[in-house]
Amino acid sequence: MDRSTKRNWGQSIREGLVSGTIASIASTIALSILGKAELGKTAAPINGPSQWIWGRHAPYQDRFSLRYTIVGYAIHHAASVFWALWYEKLRQRMGPAERVAGALAPAVITAAAAYAVDFHFTPKRLTPGFEHRLSQRSLLMVYGTFALELAATALVGHYKSSDKHR
């Protein structure tokens, strides 16, 4: 691996940590709002990913708890950072995010890939779990929020770095 490849991976990891964290927070807020709207329970969808640890009953826990909500968020956050890393690598290959389309296209591709993997290629126990509680429309809104936040983070980062060079 040459030096530029290592630097590109290092940069992608740093940027993936930032964009993944922001996208994780934004999509968790969306999960909470949609959980309140559809179920009257803000924590219910966030508890879903904790099925990775606690089993199939976890997505049906309605209340906030350390056991289900914090573990569910931690798993969601880790998955968000994982997908953000791939977003950053894809964006790196496509060039700088100088325009909205340059940031949004790889974000939509990444969110669509995450959706496909999460719901079509993953064993049931390792799905996000919130699909057990939310409508298909809400799931699309959550993944859309994730994509928009990836793109927004890239655009803000681009404009901040171009301001430094002025």
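In what follows, the structure referred to is the one given above.
Quick caveat, the model's predicted, so the values are computed rather than measured.

Draft legend 1. Summary view of the packing of aromatic side chains. Scanning all chains against the criterion turns up six aromatic pairs. Relative to W86, the ring of F82 lies with its centre 6.3 Å away and its plane at 70 degrees, an arrangement referred to as edge-to-face. Of this pair, F82 and W86 both sit in helix α4 (residues 66–94), four residues apart, which is roughly one turn of that helix. One aromatic cluster is present, formed by W9, F82, W83 and W86 through successive ring pairs. Directly above the ring of W54 sits R67, whose terminal nitrogen or CZ lies 3.8 Å from the centroid. Here K89 stacks its cationic end above the ring of W9, 4.4 Å away from the centre of that ring.

Draft legend 2. Representation of the environment of P128 in the model. Here P128 shows up in the loop between α5 (100–121) and α6 (136–164). The sequence separation of P128 and P59 amounts to 69 residues, and the corresponding C-alpha distance is 8.9 Å. Non-local contacts of P128, meaning those with residues more than four positions away in its chain, are made with G48, P49, Q51, D118, F119 and Y143.

Draft legend 3. Broad picture of the pattern of salt bridges. Here the structure, examined in full by the defined rule, presents three salt bridges. R91 is paired through a salt bridge with E15; the nearest N and O atoms lie 3.2 Å apart. Here R91, found in helix α4, pairs with E15, found in helix α1 (residues 3–39); they are 76 residues apart in sequence, far enough to count as distant. A network of salt bridges, in which partner residues are shared, links E15, E88 and R91.

Draft legend 4. A look at the nonpolar core. Counting residues in hydrophobic clusters, the biggest one holds 25 residues, and the most contacted among them are Y87 and L150. Sorting the residues of this core by element identifies α1, α4, α5 and α6 as the ones contributing at least two each. The biggest single contributor to this core is α6, with nine residues. Every residue in contact with L150, bar those within four places of it in the chain, is listed here: S19, A23, A84, Y87, A107 and T110.

Draft legend 5. The arrangement of a nonpolar patch on the surface in detail. A contiguous nonpolar patch, built from W52, I53, W54 and L126 and spanning about 360 Å² of accessible area, is present on the exposed surface. Here L126 shows up in the loop between α5 and α6.

Draft legend 6. α5, seen in detail. With 22 residues, α5 extends 30 Å between its outermost C-alpha atoms, agreeing within 8% with the 32 Å of an ideal straight helix rising 1.5 Å per residue. Three or more residues of α5 are buried, namely A103, P106, A107, T110, A111, A114, Y115, D118 and F119.

Basis of the calculations
- Residues numbered from 1 in each chain as written.
- Predicted model: local features only at pLDDT ≥ 70, side-chain atom pairs only at ≥ 80, totals over all residues.
- Heavy atoms only, no water.
- Phe/Tyr/Trp six-rings, centres within 6.5 Å; stacked < 30°, edge-to-face > 60°.
- Helix = DSSP H or I, 4+ residues; strand = E, 2+ residues; numbered from the N terminus.
- Lys NZ or Arg CZ within 6 Å of the ring centre and 35° of its normal.
- Contact = heavy atoms within 4.5 Å.
- Salt bridge = Lys/Arg side-chain N within 4 Å of Asp/Glu carboxyl O.
- Core = buried A, V, L, I, M, F, W, Y, C linked by side-chain atoms within 4.5 Å.
- Buried < 20%, exposed > 50% of the residue type's maximum accessible area, 1.4 Å probe, protein only.
- Patch = residues over 30% accessible without salt bridge, like charges linked within 9 Å, V, L, I, M, F, W, Y side chains within 5 Å.
- Areas by Shrake-Rupley, 256 points an atom, 1.4 Å probe, with all protein chains shown as cover.
- Expected span 1.5 Å × (residues − 1).

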